Amino acid sequence: MKTKRISNGWEHYRGSLGGVWEVWRAYKLNNHYNVPWSAVELPHCFNGEDSVDPDVLYYQGPGWYRTLLEVDNPYPNGRTLLHFEGAGQNTEVFLYTEQVARHVGGYDEFKVDLTEQMAEGKYKELFGNKVPVAVQCDNTRDLETIPSDISDFNLYGGIYRYLNLVYVPEISFEYVHIATEVQSVNNAEITVRAKLYNPLKRSQSVRLSLVVRDPDGHAVHQQEWTAEAWLGWKDLATLELTDVKRWSPDHPELYSCEVVMHGATGEEAWETSHAERFGIRTFEFVKQGPFLLNGERLLLRGTHRHEDFAGVAAAMTEDMIRSEMKLIKEMGANFIRLGHYQQSRIVLELCDELGLLVWEEIPWCRGGIGGEAYRQQCRDMLQAMIEQHYNHPSVIVWGLGNENDWESDFDTFDEEEIRRFMKELHDLSHELDDSRVTGIRRCEFCKDIIDVYSPSIWAGWYRGVYPEYEASSRAGFEGTDRFLHLEWGADNMAGRHVEAPYTGFSEIKTGDGTDERDGDYFLQGGDPRVSSLGDWSETYFCDMIDWYLKSQTQMDWLTGAAQWAFKDFSTPVRPDSPIPYLNMKGVVQRDLTPKEAYYVFQSYWSEKPMIRVYNHSEAVRWGQPGEKKLIKVYSNCEQAELFLNGQSVGVRKRDAQDFPCAGLRWEVELAEGENEVRAVGIKNGAQVADEIRFVYQTEEWEQPASAVLSANRLEDGLMKVEVRVYDRNGVYCPDANLFVRFGLAGDGKLLDNRGTVLGSRYLQLAGGRAAILVDPQGGRSVVSAAVDGIPTVFVEI
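Let me sum up the structure you'll find in this document.

1. What to know about the overall build of the protein chain
Part 1 of the argument: Tallying secondary structure elements over the protein chain gives 11 helices and 47 strands in all.
Part 2 of the argument: Here the protein chain has a C-alpha radius of gyration of 28 Å; the compact-globule value for 797 residues is 28 Å, and the two agree.
Part 3 of the argument: Projecting the C-alpha coordinates of the protein chain onto the three principal axes gives extents of approximately 90 × 70 × 55 Å.
Part 4 of the argument: The long-range share in the protein chain, meaning contacts at least 24 apart out of those at least 6 apart in sequence, stands at 72%.

Right under this line is the structure:
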């Protein structure tokens, strides 16, 4: 098998066409009625920017791609395939004007065989030896497909994962699976099985060779034999490995298996190979007990991930994905739930390499249950996910659904019908792979069907207060056989800090459960809750995380928990967020810029010495002269010393149960004006330090009445344009959170529609200010900032 990524040479048109002939018509009839095409590079999502455009709903409809391929298959009678690693949501593939494939589903991989249509060569008059390929991707709303359009994420469109040109001989491997079974502490049995791709059902004798290598690359098993080409799955070898190195988050040991097939077509010999990595480990969710990995208790410390990124939406490059997954690992996580769909193969490969245990699920998310086509898509996507990600030792749970109790898409909502189908999927999962368990989140009437269940517990955000976290979790644990707490957290705007974070402890009803209910995400109406009444600050979010994590250290019965979500992501159901159409629960921004919460997690989870003085982004703190102010430090060091304006204010020892900041906090008197705070910590003899500078404002202010706009050139040539608001006396208003809209006239360009605090033209102020990046593009421009209720201000750049 020979594979080549085909990222370049593509053109795109977003919109509908009268037929596939319109894709190619300009090559023959170049007139004004031909649609405009734009050069793009794959992966590409045609919702790269509009998913967070504050003024329009994101586009849902068809989008077209076209390219002219140069094909040079080296195999005699070889087959030429297009391998899609993911495209959304429904895909039709054409060779010139003939449809050769249709795929329903935006997240699983699929292959398209071009061989027979290429042989017909109907396009040679226009294109010679070039092969014209057109692809239509369509994310039009459709109640009879999954996921539901009421899901809390965008259903993106485009060829938003890598696309490969693949050459194989007339018989090749479609899948190679390595099943592992631990026999004893040091020994394991593995079974190698394979399924062939043999569309013409050739009957042929082939020579096979197999080699298994240990994590150090040494061959531990080799064999050769001859076999007849087979149909379906076939066991190729069963062997025992000794001195086994177990896979775990701390030691992600990976074995490899390569199978080579040798054959002949006529007088020409060929060979093709297939290589897979695998790991050896055991795991168990103990009934009414903890989680065990390789026989020992492991607290699952997790987060969640959407395939979404500033400026490109779902079209994340390999470098972007690698950067994100490394950040997750460096935060100290050992577990990740991939929500709410099968994600890129690159993600799973990195989970194997980095040591991140995985819950991966199909996108049966909200809405109810549809007809037979709907159900078949669920079955197909479950089978595809398991077959395509079977060998990843990181995967421990196959998720069957999410929030399936959320009614919406059909005029009937039949719990018994959902139960019957959930049972069917559960059985199918175990039939395809009985080495893993099944799971769902938030569907109480199905929790007895699957193996692992997560109720909805949002103590301190959608319901209740965060000191109820442990009791709520314990109730959830006792209410199901095998418990795992998925999704907890709070929306928080990067750069928004408050002197006294909202808790709602006196306003929010307690003792009535902390499960999210439909409509709790609305910012208006319903029962009092922190999500609608709170300040959406990093300050509150860090306190909440701190409470959850210090509690988890004492919950010896807990299997684990996963914060929602690692990164801010776009969603059509949240137009009223401080940055519209953004779910802002991330510990990093949509471009991977860490928020303060990232370091709270590190202080509990990371082994590498770290220290972080809270609040690097706020320029101004405020209070009364002589007032004691809290300085918080997050660190995993045994102790830390704080320096204020060069003078030590004491040493504190870390105690995880001393909330907040595990005891690393100081009350100090700040100097009016400039202040410098520095913290120094020691862990295992290593010293780490961190410092911040800010202004302490003691002048009181009234309502915002004016704004000042400034521009500064950055090292990369971009301009940072910042607006600050002041009262009628010219006093800065550091707690203002009004909306501001940036605009531009001239040669430059606002770098907006990113869904970040520096990449949005319409957003709320954080700490009385907001900023946006501008590309001057070598010319002159005027940038405006219109703050609600305040005269618009301008600056020329």
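Let us keep going from here.
2. Observations concerning the pattern of salt bridges
Part 1 of the argument: Throughout the structure, instances matching the rule amount to 63 salt bridges.
Part 2 of the argument: Linking Glu361 and Arg337 is a salt bridge whose minimum nitrogen-to-oxygen distance equals 3.1 Å. On the criterion of sequence distance, the pair formed by Glu361 in strand β23 (residues 357-361) and Arg337 in strand β22 (residues 335-338) is long-range, its members being 24 residues apart. Arg337 shares its class with Glu361; the two are buried.

3. What about the sheet that holds strand β34 (residues 628-635)?
Part 1 of the argument: Within the open sheet, the 3 strands sit side by side as β32-β34-β37. Their pairing is antiparallel. For this open sheet the edge positions go to β32 (611-613) and β37 (665-669), each flanked by a neighbour on one side alone. Averaged over all pairs of adjacent strands, the angle between their axes in this sheet comes to 25°, without regard to strand direction.
Part 2 of the argument: Pairing of β34 with β37, which is carried by 5 bridges, proceeds in the antiparallel orientation. When the bridges of β37 are listed, Lys628 appears paired with Glu669.
Part 3 of the argument: The strands touched by helix α11 (residues 596-605) are β32 and β34; relative to β34, the strand with the most contacts, the crossing angle is about 60°.

4. Focus: the pairing of strand β41 (residues 719-726)
Part 1 of the argument: Relative to β41, strand β40 (residues 706-713) runs antiparallel, the two sharing 8 bridges. Bridge pairing in β41 links Ala707 to Val725.
Part 2 of the argument: Where β40 folds back onto β41 in an antiparallel hairpin, the turn is made up of 5 residues, including Gly717, whose phi is positive at roughly 90°.
Part 3 of the argument: The pairing of β41 with strand β45 (residues 769-775) spans 6 bridges and is classified as antiparallel. Residue Val721 lies in a different strand from β45, and its bridge partner there is Ile772.

5. Concerning helix α7 (residues 415-432)
Part 1 of the argument: Over its 18 residues, α7 runs 26 Å from end to end, which matches the ideal 26 Å to within 8%, given 1.5 Å per residue.
Part 2 of the argument: Three or more residues of α7 are buried, namely Ile418, Phe421, Met422, Leu425, His426, Leu428, Ser429 and His430.
Part 3 of the argument: Where α7 is buried, its residues meet α6 (372-389), β25 (395-407) and β26 (437-441).
Part 4 of the argument: Among the residues of α7, the N-terminal cap falls to Asp414, whose side-chain oxygen and the backbone nitrogen of Glu416 are separated by 3.0 Å.

6. A word on the nonpolar core
Part 1 of the argument: In terms of nonpolar packing, the biggest core is built from 141 residues, with Met325, Trp364, Trp461, Val587, Val723, Val740 and Phe742 touching the most fellow members.
Part 2 of the argument: In terms of residues, this core owes the most to one element, helix α10 (residues 538-552), which gives 8 residues.
Part 3 of the argument: Residues Ile6, Ala87, Val133 and Val176 belong to the second largest nonpolar core, which totals 67 residues.

7. Let's talk about the pairing of β25
Part 1 of the argument: With respect to burial, β25 is a largely interior element, 11 of its 13 residues being buried.
Part 2 of the argument: Across 4 bridges, the pairing between β23 and β25 is parallel. Bridge assignment links Val358 to a residue of β25, and that residue is Val395.
Part 3 of the argument: As defined by bridge partners, strand β24 (residues 365-367) adjoins β25 across 2 bridges and the pair is classed as parallel. Its bridge partner lying in β25, Cys365 is registered against Asn402.
Part 4 of the argument: Handedness of the crossover joining β24 and β25 through α6: right-handed.
Part 5 of the argument: As defined by bridge partners, β25 adjoins β26 across 5 bridges and the pair is classed as parallel. Across the sheet, the residue bridging to Val397 is Val437, located in β26.
Part 6 of the argument: Running through α7, the crossover from β25 to the neighbouring parallel element β26 is right-handed.

8. Overview of the environment of Val680
Part 1 of the argument: Looking at the element boundaries, Val680 is found in strand β38 (residues 673-683).
Part 2 of the argument: Linking Val680 and Arg612, residues 68 residues apart in sequence, is a C-alpha distance of 9.3 Å.
Part 3 of the argument: For Val680, the residues in contact, after removing those within four places along its chain, are Ile611, Gln639, Ala640, Glu641, Phe643, Gln687, Val688 and Ala689.

9. Some words on the sheet that holds strand β39 (residues 686-697)
Part 1 of the argument: Strand order in this open sheet of 5 strands is β33-β39-β38-β35-β36, and the pairing throughout is mixed. A single partner strand is all that each edge strand has here, and the edge strands are β33 (620-622) and β36 (647-653). The sheet shows a mean angle of 30° between the axes of neighbouring strands, direction not considered.
Part 2 of the argument: Looking at chain direction, β33 and β39 are connected through 3 bridges and run parallel. When the bridges of β39 are listed, Trp622 appears paired with Gln697.

10. A few points about the side chain of Ser51
Part 1 of the argument: Mapped onto the fold, Ser51 is located in the loop between β3 (38-40) and β4 (62-70).
Part 2 of the argument: Residue classification places Ser51 among the buried residues on the basis of a relative accessible area of 3%.
Part 3 of the argument: At 3.4 Å, the side chain of Ser51 and the backbone oxygen of Asn47 are in polar contact.
Part 4 of the argument: If sequence neighbours within four positions are ignored, Ser51 has contacts with Tyr58, Asn154, Tyr156, Ser570, Tyr581 and Arg590.

11. A word on helix α8 (residues 469-478)
Part 1 of the argument: Buried within α8 we find Tyr469, Ser472, Ser473, Gly476 and Phe477. Down the axis of α8, the smallest arc covering the buried residues is 140°, so these residues share one side. Turned more than 90 degrees away from the buried face of α8 sit Ala471 and Glu478, all of them exposed.
Part 2 of the argument: Where α8 is buried, its residues touch β28 (485-486), α10 and β29 (560-563).

12. With respect to the packing of α10 against α11
Part 1 of the argument: Contact geometry for α10 and α11: axes closest at 9 Å, N-to-C directions at 15°. Considering their axes alone, α10 and α11 lie roughly parallel with respect to each other. For the crossing formed where α10 meets α11, the hand is right-handed. Contact residues: α10 offers Glu538, Phe541, Cys542, Ile545, Asp546, Leu549 and Lys550, while α11 offers Glu596, Ala597, Val600, Phe601, Tyr604 and Trp605.

13. Quick look at a nonpolar patch on the surface
Part 1 of the argument: Together, Trp21, Tyr27, Leu29, Tyr33 and Leu126 make up a nonpolar patch on the protein surface, roughly 420 Å² of accessible area in all.
Part 2 of the argument: Mapped onto the elements, Tyr33 comes out in the loop between α1 (21-24) and β3.

What counts, and at which threshold
- Residues numbered from 1 in each chain as written.
- Predicted model: local features only at pLDDT ≥ 70, side-chain atom pairs only at ≥ 80, totals over all residues.
- Heavy atoms only, no water.
- Helix = DSSP H or I, 4+ residues; strand = E, 2+ residues; numbered from the N terminus.
- Rg over C-alpha atoms; globule rule 2.2 N^0.38 Å.
- Contact = heavy atoms within 4.5 Å.
- Salt bridge = Lys/Arg side-chain N within 4 Å of Asp/Glu carboxyl O.
- Buried < 20%, exposed > 50% of the residue type's maximum accessible area, 1.4 Å probe, protein only.
- Pairing = 2+ DSSP bridges.
- Axes fitted to C-alpha atoms, helices over the stretch in contact; angles between N-to-C directions.
- Expected span 1.5 Å × (residues − 1).
- Polar contact = N/O pair within 3.5 Å; in protein donor to acceptor, adjacent residues only side chain to side chain.
- Core = buried A, V, L, I, M, F, W, Y, C linked by side-chain atoms within 4.5 Å.
- Right-handed = clockwise from strand over helix to strand, strands pointing away.
- Arc of directions from axis to C-beta.
- Parallel < 35°, antiparallel > 145°, perpendicular 65-115°, else oblique.
- Left-handed = near helix turned anticlockwise from the far one by under 90°.
- Patch = residues over 30% accessible without salt bridge, like charges linked within 9 Å, V, L, I, M, F, W, Y side chains within 5 Å.
- Areas by Shrake-Rupley, 256 points an atom, 1.4 Å probe, with all protein chains shown as cover.

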